[in-house]
Amino acid sequence: MKISVLGTGNMGKALVKQAAAHVEGQVFWGSRNPEEAAELAKSFQLNQVVTGSYEEALQADIIIPAFPAAALMEWAAANKERLEHKIVVDISNPFTSDFSGFTTAWGESSAEGLQALLPDSKVVGAFKNTFFSVFENPVFQDQQSDVLVTGDDEEAVHQFIERFSPLPFRFIHAGKLANNRTIERFTLLELELAVRYGTYPYISLQVFGIKEAVLAPLTK
Ligand SMILES: NC(=O)c1ccc[n+]([C@@H]2O[C@H](COP(=O)([O-])OP(=O)(O)OC[C@H]3O[C@@H](n4cnc5c(N)ncnc54)[C@H](OP(=O)(O)O)[C@@H]3O)[C@@H](O)[C@H]2O)c1
């Protein structure tokens, strides 16, 4: 299974570095400006990462578009057929441009919106609560942060967790996509807390009380 990360912004860079270091198999990095992606990959010494266009990135089986939420929805609508049967990892938080609120109504989430646009793809929500700078320093006071993983397709959630579990995070199966109504909103609270306590943009989530986040076997 090939993995592609799309976008060379804060999260695109953070994800591609971690995926290249820890995930087995080829990692592809797509950009609107492939030359820039190639230069970035070179400067990060990611020699094994293949760079190219968004179009080429669609060939992967697990696709992580690291776009602003509105751009994500436009991209999904334009590539609906090409994304059929693939795992599309949604990392988006639908904040307003001034970070004062959300572009989704109560009772809605970006992840569910994406799945509605891509009914024949398997949307998996992940990394929404982990700010980009945490990827650079993922261990804090000897602990790793949690990544809540959601999805309506149980097998896709398992495949994603199995593939990404070597990354320095604790991946927790966090249920259905509808839980992103809470997960996405919590990210804005994290942002406020990071600013209040002077750690911005270094903040992530850790759920207290779960000893081992072991996945229960899939029942078929
Ligand atoms: N920043 C965080 O700490 C954080 C944490 C968790 C989740 N998220 C979510 O992750 C996503 C990406 O956030 P980010 O901070 O990485 O954003 P960013 O730094 O602004 O990067 C977004 C990237 O998306 C690509 N893109 C494609 N279409 C675009 C468009 N119409 N307008 C702007 N960019 C477009 C661009 O890459 P190319 O130019 O290479 O094509 C751009 O660099 C968002 O949905 C955000 O909610 C962010």
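Residues numbered from 1 in each chain as written. Predicted model: local features only at pLDDT ≥ 70, side-chain atom pairs only at ≥ 80, totals over all residues. Heavy atoms only, no water.

Draft legend 1. Examining the site of the ligand more closely. Near the ligand there are 21 residues, and of these Thr8, Met11, Ser31, Tyr54 and Phe67 occur at the shortest range. Side-chain polar atom of Thr8 to an oxygen atom of the ligand: 2.6 Å apart, as the coordinates give it. Contact with the protein chains hides 74% of the accessible area of the ligand, taken as 880 Å² for the molecule alone. Taken together, the elements giving at least two residues each to the shell around the ligand come down to α1 (10–22) and α4 (69–78). Classifying every residue of the shell around the ligand by side-chain character gives eleven nonpolar, eight polar and two charged. (Near = heavy atom within 4 Å. Polar contact = N/O pair within 3.5 Å; in protein donor to acceptor, adjacent residues only side chain to side chain. Areas by Shrake-Rupley, 256 points an atom, 1.4 Å probe, with all protein chains shown as cover. Helix = DSSP H or I, 4+ residues; strand = E, 2+ residues; numbered from the N terminus. Nonpolar A, V, L, I, M, F, W, Y, C, P; charged D, E, K, R; others polar.)

Draft legend 2. Up close: the environment of Asp152. Inspection of the secondary structure assignment puts Asp152 in the loop between β9 (146–151) and α7 (154–164). Leaving out residues up to four positions away in the same chain, Asp152 has contacts with Val123, Lys176 and Leu177. (Contact = heavy atoms within 4.5 Å.)

Draft legend 3. The layout of surface pockets, seen in detail. The computed volume of the largest pocket comes to approximately 700 Å³. In this structure, the largest pocket is lined by 26 residues; those nearest its centre are Met11, Pro68, Asn93, Phe95 and Phe99. Secondary-structure elements contributing two or more residues to the lining of the largest pocket are α1, α4 and α8 (180–196). Sorting elements by how many residues they give to the lining of the largest pocket places α1 first, with three residues. For the lining of the largest pocket, the per-class residue count stands at 15 nonpolar, ten polar and one charged. Taken together, 16 residues form the lining of the second largest pocket, with Phe140, Tyr202, Ile203, Ser204 and Gln206 sitting closest to its centre. (1 Å grid on protein atoms, 1.4 Å probe; cavity = no way out; pocket = protein on both sides within 12 Å on 5 of 7 lines; lining within 4 Å. Points joined across faces, edges and corners; volume = space filled by probe spheres on them.)

Draft legend 4. Quick look at the side chain of Ser31. Structurally, the position occupied by Ser31 is in the loop between β2 (27–30) and α2 (34–43). One polar contact links the side chain of Ser31 to the main-chain amide nitrogen of Asn33, over a distance of 2.9 Å. Dropping the residues within four chain positions of it, Ser31 is found in contact with Thr8, Ala37, Gly52, Ser53 and Tyr54.

Draft legend 5. Expanded view of the packing of aromatic side chains. Summed over all chains, the structure comprises 16 aromatic pairs. The interplanar angle of 85° and the centroid separation of 6.3 Å between the aromatic rings of Phe169 and Phe171 together place this pair among those described as edge-to-face. Like Phe169, the residue Phe171 is buried in the burial classification. Linked through ring pairs, Phe127, Phe135, Phe160, Phe164, Phe169 and Phe171 together constitute an aromatic cluster. (Phe/Tyr/Trp six-rings, centres within 6.5 Å; stacked < 30°, edge-to-face > 60°. Buried < 20%, exposed > 50% of the residue type's maximum accessible area, 1.4 Å probe, protein only.)

Draft legend 6. Examining the sheet that holds strand β1 (residues 3–6) more closely. Pairing is mixed across the open sheet formed by eight strands, whose spatial order is β3-β2-β1-β4-β5-β6-β9-β10. Here the strands that pair on one side only, and so sit at the sheet edges, are β3 (50–52) and β10 (170–173). Looking at each pair of strands side by side, their axes are set apart by 25° on average, direction ignored. Relative to strand β6 (residues 122–125), strand β5 (residues 87–90) is paired through four bridges, and the arrangement is parallel. The residue of β6 that forms the bridge with Val89 is Val124. Lying on the sheet, α4 is in contact with β1, β4 (62–65) and β5; it crosses β4 at an angle near 140°. Packed onto the sheet, α7 meets β1, β4, β5, β6, β9 and β10 and runs at close to 170° relative to β10. (Pairing = 2+ DSSP bridges. Axes fitted to C-alpha atoms, helices over the stretch in contact; angles between N-to-C directions.)

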